[in-house]
Amino acid sequence: MTQNHLAFPDWLSVRAQHVEHVLDDFLPAADVLPARLHEAMRYAVLGGGKRVRAALVYAAGQAVPVSGSAVAVNASLDHAAAAVELIHAYSLVHDDLPCMDDDTLRRGRPTTHVQFDEATAMLAGDALQPLAFELLARMPIAPALVGQAVQVLGRAAGSLGMAGGQAIDLLSVGTVLARDELQTMHSMKTGAMLAASVALGGIVAGASSQARQALDGYAQAVGLAFQVVDDILDVTADSAALGKTPGKDADDNKPTYVSLLGLEGARAFAGELRQTALQALGPLGDSSARLAQLADFIVLRDR
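Below is a short write-up of the structure.

Cut-offs and rules
Residues numbered from 1 in each chain as written. Predicted model: local features only at pLDDT ≥ 70, side-chain atom pairs only at ≥ 80, totals over all residues. Heavy atoms only, no water. Helix = DSSP H or I, 4+ residues; strand = E, 2+ residues; numbered from the N terminus. Expected span 1.5 Å × (residues − 1). Buried < 20%, exposed > 50% of the residue type's maximum accessible area, 1.4 Å probe, protein only. Polar contact = N/O pair within 3.5 Å; in protein donor to acceptor, adjacent residues only side chain to side chain. Phe/Tyr/Trp six-rings, centres within 6.5 Å; stacked < 30°, edge-to-face > 60°. Lys NZ or Arg CZ within 6 Å of the ring centre and 35° of its normal. Core = buried A, V, L, I, M, F, W, Y, C linked by side-chain atoms within 4.5 Å. Contact = heavy atoms within 4.5 Å. Salt bridge = Lys/Arg side-chain N within 4 Å of Asp/Glu carboxyl O.

### A word on helix α4 (residues 70–95)
Next up, step 1: For α4, spanning 26 residues, the distance from its first C-alpha to its last is 37 Å, which sits close to the expected 38 Å at 1.5 Å a residue.
Next up, step 2: Most of α4 sits out of view: 22 of its 26 residues are buried.
Next up, step 3: With a side-chain oxygen lying 3.3 Å from the backbone nitrogen of Val-71, the N-terminal cap of α4 falls on Ser-69.

This is the structure in structure tokens:
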């Protein structure tokens, strides 16, 4: 599972390919009835994306001593990594709909509602969400840990997390948010699911309370940093690099860290969050190296 000998880019590529195979196995086949729905689900999930959330699950599981059967933990990490990617995919399908962000490009391809139709896209997102929780429920670890994992993912995806953050985002179009309001919105909309990914890795591996505290400090910082960098890339990257429509936040008059702090101010804030994330990993020692590398990747990425 760890591939400690690999350079980080190779490790990340291996993890992405691995979770792609896991997702392919867990998703219903495209020819199973209702075939069009299953085809849309597979289109939304497979064939693209950095798989950062899955990588965070695996890296967090690697960062703490494993409690229990290594085979069971490894299998459960696959379930958890697939679950966060399914929730992420469902959120993108729904966010891209005309009633939300009304986007036509995602991961360099037509968005799901453009490729299929709005009703099918809505149902695909609806179906991906319960599948994620089914996978967590099937993890071969202690039932108490399964319950904790379900609770963590449910809260992160719900009205106090990702869905709530999206609601605030929609209500904030055309308004000016104070810095703390913008941070709250992004911590919910984007940060909550990234933090949940880290937490799930720790839960599955049986992390101690001290280790979970360190993971949480890291996750809060890196989750917010991810959105700050997204705001930067929306201004600086082109569609070929970004894989989605650039400049859309500004066109839609949405509040962002760039609009609030300016481009250089947003870059400086992302750098501060990176340092906070790295410092939080101190108690975990060398085993947290992959998490540190992911923090660097998230803040220094160009797409």
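Structure's up, so let's keep going.
### Some thoughts on the packing of aromatic side chains
Next up, step 1: Counted under the stated rule, the structure contains four aromatic pairs.
Next up, step 2: Here the aromatic rings of Phe-8 and Phe-297 are separated by 6.0 Å at their centres, their planes lie at 55°, and the arrangement is tilted. Here Phe-297 lies in helix α15 (residues 289–300) and Phe-8 lies in helix α1 (residues 8–26), a separation of 289 residues in the sequence.
Next up, step 3: By relative accessible area, Phe-8 is classed as buried at 13%.
Next up, step 4: Every member of this aromatic cluster is reached through a ring pair, and the members are Phe-8, Trp-11 and Phe-297.
Next up, step 5: The positively charged end of Arg-179 is found above the aromatic ring belonging to Phe-269, 4.5 Å away from the centroid.

### Observations concerning unusual backbone geometry
Next up, step 1: Here Leu-33 and Pro-34 are connected by a cis peptide whose omega angle stands at -5°.
Next up, step 2: If you trace the backbone, Pro-34 turns up in the loop between α1 and α2 (35–45).
Next up, step 3: Of note in the backbone geometry, Arg-51 takes a positive phi value of approximately 60° without being a glycine.
Next up, step 4: Looking at the secondary structure, you find Arg-51 in the loop between α2 and α3 (52–63).
Next up, step 5: Residues other than glycine seldom take positive phi values, yet Asp-102 does so here, at roughly 50°.
Next up, step 6: Among the secondary structure elements, Asp-102 is positioned in the loop between α4 and β1 (105–106).

### Structural notes on the nonpolar core
Next up, step 1: Leu-86, Leu-128, Leu-153, Tyr-218, Leu-291 and Leu-294 are the most contacted members of the largest nonpolar core, which totals 80 residues.
Next up, step 2: Once you skip the residues sitting within four places of it in the chain, Leu-86 turns out to touch Leu-23, Leu-27, Val-45, Leu-128, Leu-131, Ala-132 and Leu-135.
Next up, step 3: Formed by 16 residues, the second largest nonpolar core is a distinct cluster that contains Ala-225, Val-229, Ile-232 and Leu-273.

### Some points on the environment of Ala-292
Next up, step 1: By secondary structure assignment, the location of Ala-292 is in helix α15.
Next up, step 2: Placed 202 residues apart in sequence, Ala-292 and Tyr-90 show a C-alpha to C-alpha distance of 28 Å.
Next up, step 3: Not counting residues up to four positions away in its chain, the partners in contact with Ala-292 are Leu-278 and Leu-281.

### Some details on the pattern of salt bridges
Next up, step 1: Counted according to the given criterion, the structure contains 10 salt bridges.
Next up, step 2: With a shortest N-O distance of 2.1 Å, Asp-24 and Arg-42 are connected by a salt bridge. With a gap of 18 residues between them, Asp-24 in helix α1 and Arg-42 in helix α2 connect regions that are remote in the sequence.
Next up, step 3: The exposure class assigned to Arg-42 is buried, which follows from its relative accessible area of 18%.
Next up, step 4: Where salt bridges share partners, they join Glu-20, Arg-51 and Glu-85 into one cluster.

From the geometry alone we can't say anything about function, so treat these as descriptive.
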